[in-house]
Amino acid sequence: MACTSCSTSDGSAPKGCQNKGTCGTDSCNKLTVFDWLSNMSLPNGEAPFDCVEVRFKNGRKEFYRNAEKLTLSIGDIVATEASPGHDVGIVTLTGELVKIQMKKKAVNHTSNEIPKIYRKASQKDIDIWSEARAKEEPMKVRARELAIAQKLEMKISDIEFQGDGSKATFYYTANDRVDFRLLIKDFAREFSTRIEMKQVGFRQEAARLGGIGSCGRELCCSTWLTDFRSVNTSAARYQQLSLNPQKLAGQCGKLKCCLNYELDTYMDALQHFPDFDTKLVTEKGDAICQKQDIFKGLMWFAYTNNFANWHVLKVDQVNEIIAENKQKKRVSSLEDYALEVTQEPEKDFNNAMGQESLTRFDQPKKKKRPNKKRKPAAAGENTATEKPAGENKNPNANQNRNNNPNRNNQKNRPPRPANEKKPDNKITPVKKNEPKK
């Protein structure tokens, strides 16, 4: 999602965005607005709306009056009125949609108290603004150290410099009231600038800092959600969610805002359901609701004397039994109304295309081949090996051997007596210098 102008920089930190506010780095995509009236022209003689919406660090937005009739478009960097000095921000919305946003936030566009836009930011204004933004992170670390040294129960979550660098706003969260008068003096002595402290709620802190939710997407409060509705645990009860605070709480420590998204759908579906505590009176005994499926329109009942067996009934059937009970009549039993539940075969996706194997992309290991090298022969061991009959190079050798008469005579020779000495076949060497006899 990064753009070419700010995706690469020193230390893997973006330097800024020049792609008209649609970049995914450096908070460029926080609370972005799509101007769906941009391709429509105004009627003849109608002047464009003279107010614009300007965004500052971490999604803070303000409305300003374009008194100088500047030609502004989404993404322009402008210098705006501030007290004292001026501030630098990015235009996020122009035209008639600004009037709708001001009406939604109860801002009177005819009031004279709306601040003004001075000019489009020059290169000098942008340089001063960038230098001030670079001081914020090391200043935040030092500010937290000073707050811990004074043992104040507060958390400094963020620091925002004004565009001209004349003032720094410290955003903090605290559970109780905090006396930070001495802390402001330490800040002014340490940072040599004008200090302003502003307390924000835990939801506003999460919206300013941003993050990734348990759903895997960016937090709603930091991307598009602007108003924070109160969230109660009853929203989780209506949706039949487990009341586990670790799963229901977001990064701000409060209940997740998304619990309200589908609440209206559940409330509409529950209008046709009887109360969960409704008791059905039958001749076989009283029955109590154990479970209900809102979207399928089913309810599970069990007798008070046998909680192990549950009977599935439709909502219309339950209302029919309740109407009979109001007339002081008892139905015979729940079995007359119960549905036959057919168990669906479980789908096993564990071995789909072998995806559960972590080594499915590894190359198969080759089998070790036996070593063909011959081991050295031991002392006195005959290393001669007999060759098969078919491997003899001379095919007539066996025939000549069998036809050899001497070979047959050797086989018929009588055995040698035990006392007979073997003939000595040794050849005595002849010396060269010795005369012949």
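Summary of the structure given here. (Residues numbered from 1 in each chain as written. Predicted model: local features only at pLDDT ≥ 70, side-chain atom pairs only at ≥ 80, totals over all residues. Heavy atoms only, no water.)

What about the overall build of the chain?
Next up, step 1: Helix and strand counts for the chain come out as 12 helices and 12 strands.
Next up, step 2: Across the 437 residues in the chain, those meeting the buried criterion constitute 31%.
Next up, step 3: Across the chain, the fraction of contacts at a sequence separation of at least 24, relative to all contacts at a separation of at least 6, is 56%. (Helix = DSSP H or I, 4+ residues; strand = E, 2+ residues; numbered from the N terminus. Buried < 20%, exposed > 50% of the residue type's maximum accessible area, 1.4 Å probe, protein only. Contact = heavy atoms within 4.5 Å.)

A word on the pattern of salt bridges
Next up, step 1: Across all of its chains, the model carries 20 salt bridges by this definition.
Next up, step 2: Put simply, Glu160 and Arg208 hold a salt bridge, and the shortest N to O gap is 3.5 Å. Linking Glu160 in strand 6 (residues 155–161) with Arg208 in helix 5 (residues 202–209), this pair joins segments that are 48 residues apart in sequence. When sorted by exposure, Glu160 lands in the same class as Arg208, which is buried.
Next up, step 3: Between Arg181 and Asp179 there is a salt bridge, with the nearest N and O atoms lying 2.9 Å from each other. (Salt bridge = Lys/Arg side-chain N within 4 Å of Asp/Glu carboxyl O.)

A closer look at the sheet that holds strand 8 (residues 194–199)
Next up, step 1: In space, the 3 strands of this open sheet follow the order 6-7-8, with mixed pairing throughout. Each edge of the open sheet is held by one strand with a lone partner, namely strand 6 and strand 8. Strand-to-strand twist in this sheet, taken as the mean axis angle between neighbours without regard to direction, amounts to 25 degrees.
Next up, step 2: Judged from the 6 bridges that link them, strand 7 (residues 167–173) and strand 8 form a sheet pairing that is parallel. Along strand 8, the bridge assignment pairs Phe170 with Met197.
Next up, step 3: The strands touched by helix 3 (residues 136–149) are strand 6 and strand 7; relative to strand 6, the strand with the most contacts, the crossing angle is about 145 degrees. (Pairing = 2+ DSSP bridges. Axes fitted to C-alpha atoms, helices over the stretch in contact; angles between N-to-C directions.)

Let's talk about the sheet that holds strand 4 (residues 86–93)
Next up, step 1: Strand order in the open sheet formed by 5 strands is 2-1-4-3-5, and the pairing between neighbours is antiparallel. Looking at which strands have only one partner, the edges of the open sheet turn out to be strand 2 (61–65) and strand 5 (117–120). Neighbour to neighbour, the strand axes of the sheet diverge by 45 degrees on average, direction disregarded.
Next up, step 2: Summarising the sheet, strand 3 (residues 77–81) and strand 4 pair through 5 bridges and their orientation is antiparallel. By the bridge assignment for strand 4, Val78 is matched with Gly89.
Next up, step 3: Running over the sheet, helix 1 (residues 96–104) touches strand 1 (51–55), strand 2 and strand 4 and is turned about 75 degrees from strand 1.

With respect to unusual backbone geometry
Most peptide bonds take the trans configuration, and most residues that are not glycine carry a negative phi.
Next up, step 1: Here the residue pair Ser83 and Pro84 is connected by a cis peptide bond, since its omega of -5 degrees sits within 30 degrees of zero.
Next up, step 2: With respect to the helices and strands, Pro84 occurs in the loop between strand 3 and strand 4.
Next up, step 3: Phi is positive for Lys151, close to 55 degrees, though the residue is something other than glycine.
Next up, step 4: Along the polypeptide, Lys151 turns up in the loop between helix 3 and strand 6.

Remarks on helix 1
Next up, step 1: If you check which residues of helix 1 are buried, you get Leu97, Val98 and Met102. The buried residues of helix 1 occupy an angular sector of 140 degrees when projected down its axis, which confines them to one face. In helix 1, those exposed residues whose orientation departs by more than 90 degrees from the buried face are Lys103 and Lys104.
Next up, step 2: On the buried face of helix 1, the contacting elements are strand 1, strand 2 and strand 4. (Arc of directions from axis to C-beta.)

With respect to the nonpolar core
Next up, step 1: Judged by nonpolar contacts, the single largest core of 20 residues is most densely connected at Met154, Ile156, Phe170, Phe187 and Met197.
Next up, step 2: Contributions of two or more residues to this core are made by helix 3, strand 6, strand 7, helix 4 (181–191) and strand 8.
Next up, step 3: When near neighbours in sequence (up to four residues on either side) are disregarded, Ile156 contacts Lys140, Ala143, Arg144, Ala147, Phe170, Tyr171, Tyr172 and Phe187.
Next up, step 4: Ranked by size, the runner-up nonpolar core spans 19 residues in total, among them Met299, Val315, Ile322 and Tyr337. (Core = buried A, V, L, I, M, F, W, Y, C linked by side-chain atoms within 4.5 Å.)

As for helix 4
Next up, step 1: Of all the positions in helix 4, only Leu183, Phe187 and Phe191 are classed as buried. Taken down its axis, helix 4 places every buried residue within 45 degrees of arc, on the same side. In helix 4, the exposed residues that point more than 90 degrees away from the buried face are Arg181, Leu182, Lys185 and Arg189.
Next up, step 2: On its buried face, helix 4 is in contact with helix 3, strand 6, strand 7 and strand 8.
Next up, step 3: Note on helix 4: the residue one or two positions beyond its end, Ser192, has a positive phi of about 55 degrees.

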